[in-house]
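# Observations on the three-dimensional arrangement
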Amino acid sequence: MRVETLRGDAIDAHLDALAGLRIAVFRDWPYLYDGDEAYERVYMRAYAAPGAVIVGAFDGDRMVGAATAARMEDHAEDFAAAFAGHDWPLSKIYYLAESVLLPEYRGHGLGHAFFDAREAAGRAENCRHAAFCSVIRPDDHPMKPEGARTHDAFWRGRGYRPLDGVVAHFAWTDLGDGEKTRKPLQFWGKTL
């Protein structure tokens, strides 16, 4: 296994693999994302921005996990809007967009490696804060698996806390639905 931080042109060769990982991993609880390759191609454009990174986990040449990050200013307006009225300037937030890892590779420290590399990239971009968001689903959601756990303890252990009142709304199609619906996403953050 190796973990590599990709920037600029090095990102292009891995966008298809990242899209496939996002579609596969986000099908599971709590995202229930009914992946769309056309959408993924458009979404990946955010990683062409200066300062954006993809931290890839590779088993040989195969990307088995990835975590992404970019300046909040360069990412989806839906996410930036959640910070209206918050005292963190958007220009100083490094957005930790997603972290996806195939199930058989979990529990071996790659989550920490993903956060370490993205936080280092944020500091290199002169950002003072790191933030990410997580979908909010009701406890009685019919697709919630028995024994489902959150990543809250892991995130808190890394020094992140939910940001009061900083909730984004973003639309995607859930498994079994025919159209996109907006979901609330709670932002977590910390000072770098």
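Structure's up top.
Conventions we followed
- Residues numbered from 1 in each chain as written.
- Predicted model: local features only at pLDDT ≥ 70, side-chain atom pairs only at ≥ 80, totals over all residues.
- Heavy atoms only, no water.
- Phe/Tyr/Trp six-rings, centres within 6.5 Å; stacked < 30°, edge-to-face > 60°.
- Helix = DSSP H or I, 4+ residues; strand = E, 2+ residues; numbered from the N terminus.
- Buried < 20%, exposed > 50% of the residue type's maximum accessible area, 1.4 Å probe, protein only.
- Lys NZ or Arg CZ within 6 Å of the ring centre and 35° of its normal.
- Pairing = 2+ DSSP bridges.

Attention now goes to the packing of aromatic side chains. Overall, the coordinates contain 17 aromatic pairs when judged by the stated rule. Here the aromatic rings of Phe-83 and Phe-187 are separated by 4.8 Å at their centres, their planes lie at 65 degrees, and the arrangement is edge-to-face. In this pair, Phe-83 is assigned in the loop between helix H4 (77-80) and strand E4 (93-101) and Phe-187 in strand E7 (residues 180-191), connecting sequence segments 104 residues apart. Overall, the relative accessible area of 4% leaves Phe-83 in the buried class. Aromatic rings pair up to connect Phe-79, Phe-83, Trp-88, Tyr-95, Phe-170 and Phe-187 into one cluster. Between the NZ or CZ atom of Arg-22 and the centre of the ring of Tyr-43, over which it lies, the distance is 4.1 Å.

Taking burial as the measure, the 10 residues of strand E3 (residues 62-71) include nine buried ones, the bulk of the element. Here seven bridges tie strand E2 (residues 53-59) to E3, and the two strands are oriented antiparallel to one another. Opposite Ala-57, over in E3, you have Gly-65 as the bridge partner. Remark: two residues form the turn of the hairpin made by E2 and E3, two consecutive strands paired antiparallel; Gly-60 in that turn has positive phi of roughly 70 degrees.

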